[in-house]
Amino acid sequence: AEETAVSAPTVASEGAVLLNANTGEVLFEKNGYNKYYPASITKLMTALLTLENCSLTDIVSFSSTATTNLEAGSVSLKITEGDKISVKDCLYGLLLKSANEIGNGLAEHIAGSNSNFADMMNNKAKALGCTNTNFANPHGLNNSNHYTTPYDMALIAREAFKNPTICQITTTTTYKFPATKLAGERTIAMGHKMVYTSDSRYYPGIIGGKTGYTSLAGNTLVTCVEQDGVRLIVVIMKSKSTHYADTKALLDYGFAKVKTASSHQPQAAEPGIT
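Everything numeric here is computed off the predicted structure, so don't read it as measured data.

(A) View of unusual backbone geometry. Located in the positive-phi region is S98, a residue other than glycine, with phi close to 65°. The residue S98 is located in the loop between helix 3 (87–97) and helix 4 (100–111) in this model. The phi dihedral of K238 falls on the positive side, at around 55°, and the residue is not glycine. Relative to the helices and strands, K238 is located in strand 9 (residues 230–239). You can call K238 partly exposed: its relative accessible area is 32%.

Next comes the structure, spelled out in structure tokens:
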């Protein structure tokens, strides 16, 4: 049979990486090793470190520092000094609502301060093989010293989505977030549109993801999908609203490429037949 070449898609976003999470092979990259501002996809690293250092039932007590040092207009759950919230609820607030004060609260709970937590983030990034990453905070709000590359972010995502709790949380569409001092119980919803079966952007086999946006970072998006045992990760950085279209194109391409490659492997003999 003639082998049909799978042609690579055109990606409009400035930075992109498609990673085969099973093998670590980069199947596509565009400026994949360039530094960009990650915005809230940073929170995947924060969640990973939280799950490595805390139990879901631990209680985070929020300080004045954690709840007031936020740039104007940034996403928040209006948590205030003295609020006490379980790590489990914190992670849903961090990953679904992308609440920035929760990032601060978790950082202080685990490391005592944002700067100490940033050291942990950077050590973890290096341990995962990242070479062009420096985190300055747990949430991804703009900071000239807070950057990563699409490839480094794919390595972080690969590790994060090995954690079943992160997968469970980031494929949850809605969650009841408990009452706090300033607000009653409320329902928060997942920002990543590919998780919703009712959305035109839904992607079958999605096992997790995280959105990000600031005016400087543009749209950033991390997506992890598994089909037939093949797990792909797409990282999009510095996008102008093409992040979902670019992600879909790369996933389609990745699965087609992997399936084409596997269909040309010689079939192993069935076990027990000599």
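(B) Quick look at helix 6 (residues 150–160). The element helix 6 is extensively covered by neighbouring structure, given that nine of its 11 residues are classed as buried. Close packing links the buried residues of helix 6 with strand 1 (15–20), strand 2 (26–30), helix 1 (43–53), helix 7 (164–170), strand 8 (218–227) and strand 9.

(C) Structural context of the environment of L94. On the secondary structure map, L94 appears in helix 3. L94 sits 103 residues away from T197 along the chain, and the two C-alpha atoms are 22 Å apart.

(D) Spatial organisation of the state of the cysteines. All chains considered together, the criterion is met by zero disulfides. No disulfide involves C90; its nearest neighbouring cysteine sulfur is the one of C54, lying 9.1 Å away. Its relative accessible area of 0% is what places C90 among the buried residues. Looking at C130, it has no disulfide partner, and the nearest cysteine sulfur is the one in C224, 16 Å off. In this structure C130 comes out as buried when scored by relative accessible area, which is 7%.

(E) Inspection of the side chain of N163 at higher detail. As for its position among the elements, N163 is in the loop between helix 6 and helix 7. Judged by relative accessible area, N163 falls into the buried class, the value being 18%. Within the local environment of N163, its side chain forms a polar contact with the backbone nitrogen of T165, the two atoms lying 2.9 Å apart.

(F) Representation of the environment of S113. On the secondary structure map, S113 appears in the loop between helix 4 and helix 5 (114–127). For the pair formed by S113 and N22, sequence separation is 91 residues and the distance between their alpha carbons is 35 Å. With residues near it in sequence (within four places) discarded, S113 still touches A107 and E108. Polar side-chain contacts of S113 include one of 3.3 Å to the side chain of S115.

(G) Examining the pattern of salt bridges more closely. This model, assessed by the stated rule, comprises six salt bridges. For R231, the salt bridge identified is with E226, shortest N-O distance 2.8 Å. A relative accessible area of 32% means that E226 is categorised as partly exposed. When the shortest N-O distance is used, the salt bridge between K248 and D252 registers 2.6 Å. In this pair, K248 and D252 both sit in helix 8 (residues 243–263), four residues apart, roughly one turn of the helix. The exposure class assigned to K248 is partly exposed, which follows from its relative accessible area of 44%.

(H) Quick peek at the environment of C54. Structurally, C54 can be placed in the loop between helix 1 and strand 3 (59–61). The spacing of C54 and G93 is 39 residues in sequence and 16 Å in space, taken between C-alpha atoms. Apart from residues lying up to four places away in sequence, C54 is in contact with V87, H109 and I110.

(I) Broad picture of the packing of helix 1 against helix 5. Two numbers describe how helix 1 lies on helix 5: the axes approach to 10 Å, and their chain directions differ by 95°. Overall, the two elements helix 1 and helix 5 adopt an arrangement that is roughly perpendicular. Two secondary-structure elements touch here, helix 1 through M45, T46, L48, L49, E52 and N53 and helix 5 through F117, M120, M121, K124 and A125. Broken down by class, the residue content of the contact of helix 1 with helix 5 amounts to seven nonpolar, two polar and two charged.

(J) Spotlight on the packing of aromatic side chains. Counted by the stated rule, this structure contains four aromatic pairs. Pairing F28 with Y253 gives two aromatic rings, centres 6.4 Å apart and planes at 80°, and the pair type is edge-to-face. Remark: Y253 occurs in helix 8 and F28 occurs in strand 2; sequence separation between them is 225 residues. The pair formed by F28 and Y253 is uniform in burial state, with each residue classed as buried. The interplanar angle of 50° and the centroid separation of 5.2 Å between the aromatic rings of Y33 and Y151 together place this pair among those described as tilted. Of this pair, Y33 sits in the loop between strand 2 and helix 1 while Y151 sits in helix 6, and the two are 118 residues apart along the sequence.

Reading guide: rules and limits
- Residues numbered from 1 in each chain as written.
- Predicted model: local features only at pLDDT ≥ 70, side-chain atom pairs only at ≥ 80, totals over all residues.
- Heavy atoms only, no water.
- Helix = DSSP H or I, 4+ residues; strand = E, 2+ residues; numbered from the N terminus.
- Buried < 20%, exposed > 50% of the residue type's maximum accessible area, 1.4 Å probe, protein only.
- Contact = heavy atoms within 4.5 Å.
- Disulfide = S-S within 2.5 Å.
- Polar contact = N/O pair within 3.5 Å; in protein donor to acceptor, adjacent residues only side chain to side chain.
- Salt bridge = Lys/Arg side-chain N within 4 Å of Asp/Glu carboxyl O.
- Axes fitted to C-alpha atoms, helices over the stretch in contact; angles between N-to-C directions.
- Parallel < 35°, antiparallel > 145°, perpendicular 65-115°, else oblique.
- Nonpolar A, V, L, I, M, F, W, Y, C, P; charged D, E, K, R; others polar.
- Phe/Tyr/Trp six-rings, centres within 6.5 Å; stacked < 30°, edge-to-face > 60°.

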